[in-house]
Amino acid sequence: MKFLHIADVHLGCRRYNLEERTKDFFRAWQDVIIKHALPNELDFMLIAGDFFNSRKVDPQTMNHAIIGLQLLKDAGIPVLAIEGNHDQHDAISNFSWLRSLSQWGYLKLLEPVQDPAGGFRLVPWDEEERTGSYIDIAGARIFGSHWYGTSANVAIPVLAESIRLASSEERFHILMLHTDVEGQLNRPLPALSIAKLKALRSLIQYVALGHTHKRFELEGWALNPGSLEACSIDEYREERGIYLVEIGRDQQAQTCYIRDFVQRPFARLSFDVSGVVDAAAVQEGVIEKVRREVKEHTDESESPAPIIEISLRGHLGFKNSLLELNRMRDEACELTGALHVMVRNQSVPVEYAVAVGLDVNASRHERERRIIEDLIARDTRFRERARDMTELVVEAKRLALSDEPPTMILDLIAQKLELTERTEGDAARDETLDTPEITVPTTTALNAIERNAIAEV
Ligand SMILES: [Mn+2]
């Protein structure tokens, strides 16, 4: 007996609003069938949930599904499927596209029957009705299950009891199960515990898992192949593939993990903008990095053009708006022949980079002074006088908080600024208060007070 175990095909998954990206999921699905289902004389094929990316299936996606399913049907390979969290039936309707495909003879959707009294009833596949919870093919008894989500730990023991009642001594038992398993994903939601899963050990000889988009195996008994394609860029490094499984006379499963089918390549690179003088230099640096790290794509028949994500990190020393992100994207795209380039600006404007490295135990007073000084020093015109100006700001704040009249505060600012200018030997002794030289630092200082006040709140 030989079968193919796949999961998480996610047909209809659309990313970056790219038509080509939607087709990637179809290409992977079709390639798996042509390369690994048709030539292998399979007894059946398993799809362990999330065949579709959504329970709402658009016409193009249904075409993609049927093209593949028709190939399998013509080759006489039965397809057994279960629902996943993405394509499970609606709670308020008995209709779903998976149920329709099952009715139309393209696949067999295996579903437990929910008992009104609680628990599940497992009924054998009815070829007339085209419904059922389990089916016998080539020495195997294959069971389906639903998506139980966070209640998997409660549902699995109940399901195990139903399986026990429907088991057959002489058959090799397979269970398709779409679930997150403890320790495989770093999510706060409770996953199915390994102990609960192992309660199936005496009943099931092969658990065909789906849901987690990366490969993992538990004791060569519960196997998760991963999705066919990366559903988000965060998954691009994960191992994804399919299992070709052969059950020998000894009832032992020989599994072969296969990754040889078409998938879109991804490249992810990051560029640190800290200390880079201007936008042109950022542009040049990024393009240089792309040139070094991403191979130019020329031959589509060899592999698909990559999708590239460029992240800008660090402290940006000038205004964000000066960065020409679109030009960066276009140049990187042209240089590499990529299908799509995303540029994410995750750099922090340098104006927020204040009080860097300040001792965590610093007093509120020290903290305040340091923030103000950094804010003033950011402006190269006042850098030299930052310490004096900080004194002035702190004093002005103190006066303001003690309800001193505004004129008094203004006088203090005027005096102090004049004094600083004189001690610096500045020639402009008769400079008036409303020259930019004076008003700008005042505004900066007042902004600093305001920011600081906000920070303290
Ligand atoms: Mn999935």
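Residues numbered from 1 in each chain as written. Predicted model: local features only at pLDDT ≥ 70, side-chain atom pairs only at ≥ 80, totals over all residues. Heavy atoms only, no water.

Digging into the overall build of the protein chain
Along the protein chain, the regular secondary structure elements total 11 helices and 19 strands. Counting all 457 residues of the protein chain, 48% fall into the buried class. Counted over contacts in the protein chain with a minimum sequence separation of 6, partners at least 24 positions apart contribute 68%. Total accessible area on the protein chain stands at roughly 23000 Å², and carbon and sulfur atoms take up 49% of it. (Helix = DSSP H or I, 4+ residues; strand = E, 2+ residues; numbered from the N terminus. Buried < 20%, exposed > 50% of the residue type's maximum accessible area, 1.4 Å probe, protein only. Contact = heavy atoms within 4.5 Å. Areas by Shrake-Rupley, 256 points an atom, 1.4 Å probe, with all protein chains shown as cover.)

Topic: the pattern of salt bridges
Where charged atoms from two side chains of opposite charge approach closely, those side chains can pair. In total, this model carries 32 salt bridges according to the counting rule given. A salt bridge links Arg130 to Glu127; the shortest N-O distance between them is 2.6 Å. Classification of Arg130 by relative accessible area gives buried; the value is 11%. What makes Glu127 partly exposed here is its relative accessible area of 46%. Between Arg268 and Asp234 there is a salt bridge, and its shortest N-O distance comes to 2.9 Å. Taken as a pair, Arg268 in strand β15 (residues 266–272) and Asp234 in the loop between β12 (222–224) and β13 (242–247) lie far apart in primary sequence, 34 residues in all. (Salt bridge = Lys/Arg side-chain N within 4 Å of Asp/Glu carboxyl O.)

Focus on the coordination of the manganese ion
Bound to the manganese ion are the protein donor atoms Asp8 (OD), His10 (NE2), Asp50 (OD) and His213 (NE2), situated 2.1 to 2.4 Å from the metal. The motif formed by the donor residues of the manganese ion, counted along the single chain, is D-x1-H-x39-D-x162-H. Of this pair, His10 sits in the loop between β1 (2–6) and α1 (19–37) while His213 sits in the loop between β10 (206–210) and β11 (216–218), and the two are 203 residues apart along the sequence. On the basis of relative accessible area, His10 is assigned to the buried category, the value being 1%. (Donors = N, O, S within 2.8 Å, 3.2 Å for Na, K, Ca; no water.)

Considerations on the confidence of the model for the protein chain
Considering every residue of the protein chain, the mean pLDDT works out to 88; 89% of them sit at 70 or more. Below pLDDT 50 for its whole length, residues 426–441 participates in 19 contacts with residues either more than four positions away or in separate chains. (pLDDT = per-residue confidence, 0-100.)

Brief notes about the sheet that holds strand β3 (residues 79–81)
Here six strands make up an open sheet; going across it, the order is β4-β3-β2-β1-β13-β14 and the pairing mixed. Strands at the two margins of the open sheet, each flanked by one partner only, are β4 (108–109) and β14 (253–258). Two elements, β1 and strand β2 (residues 44–47), share four bridges in a ladder whose sense is parallel. Opposite Phe3, over in β2, you have Phe44 as the bridge partner. α1 contacts β1, β2, β13 and β14 of the sheet and is inclined by roughly 160° relative to β1. (Pairing = 2+ DSSP bridges. Axes fitted to C-alpha atoms, helices over the stretch in contact; angles between N-to-C directions.)

Here we look at the layout of surface pockets
The calculated volume of the largest pocket comes to roughly 420 Å³. Lining the largest pocket are 20 residues; nearest its centre among them are Asn94, Arg99, Leu109, Glu111 and Thr131. Broken down by element, the lining of the largest pocket gets its largest block of residues, four residues, from helix α3 (residues 97–103). Counted by class, the lining of the largest pocket contains six nonpolar, 10 polar and four charged residues. (1 Å grid on protein atoms, 1.4 Å probe; cavity = no way out; pocket = protein on both sides within 12 Å on 5 of 7 lines; lining within 4 Å. Points joined across faces, edges and corners; volume = space filled by probe spheres on them. Nonpolar A, V, L, I, M, F, W, Y, C, P; charged D, E, K, R; others polar.)

A look at empty space enclosed by the protein
If you walk through the whole model with that rule in mind, you get two cavities of 30 Å³ or more. Taken as a whole, the second largest cavity encloses approximately 40 Å³ of empty space. Contributing to the lining of the second largest cavity are Phe52, Ser54, Arg55, Val57, Asp87, Ser96, Trp97 and Leu98. Looking at the lining of the second largest cavity, its residues break down into four nonpolar, two polar and two charged.

A look at the packing of aromatic side chains
Any two aromatic rings considered together are summarised by their centre-to-centre distance and by the angle between their planes. Tallied over the entire structure, the rule returns nine aromatic pairs. Taking the centre distance of 4.9 Å and the plane angle of 10° together, the rings of Phe3 and Phe44 count as stacked. In this pair, Phe3 is assigned in strand β1 and Phe44 in strand β2, connecting sequence segments 41 residues apart. Taken together, a centroid distance of 5.2 Å and an interplanar angle of 40° make the contact between Tyr134 and Phe143 tilted. (Phe/Tyr/Trp six-rings, centres within 6.5 Å; stacked < 30°, edge-to-face > 60°.)

Some details on the side chain of Ser311
Secondary-structure assignment places Ser311 in strand β16 (residues 307–313). A polar contact of 3.5 Å, which involves the side chain of Ser311, links it to the side chain of Gln346. Not counting residues within four places of it along the chain, the set of residues in contact with Ser311 comprises Leu269, Ser270, Phe271, Arg344 and Gln346. (Polar contact = N/O pair within 3.5 Å; in protein donor to acceptor, adjacent residues only side chain to side chain.)

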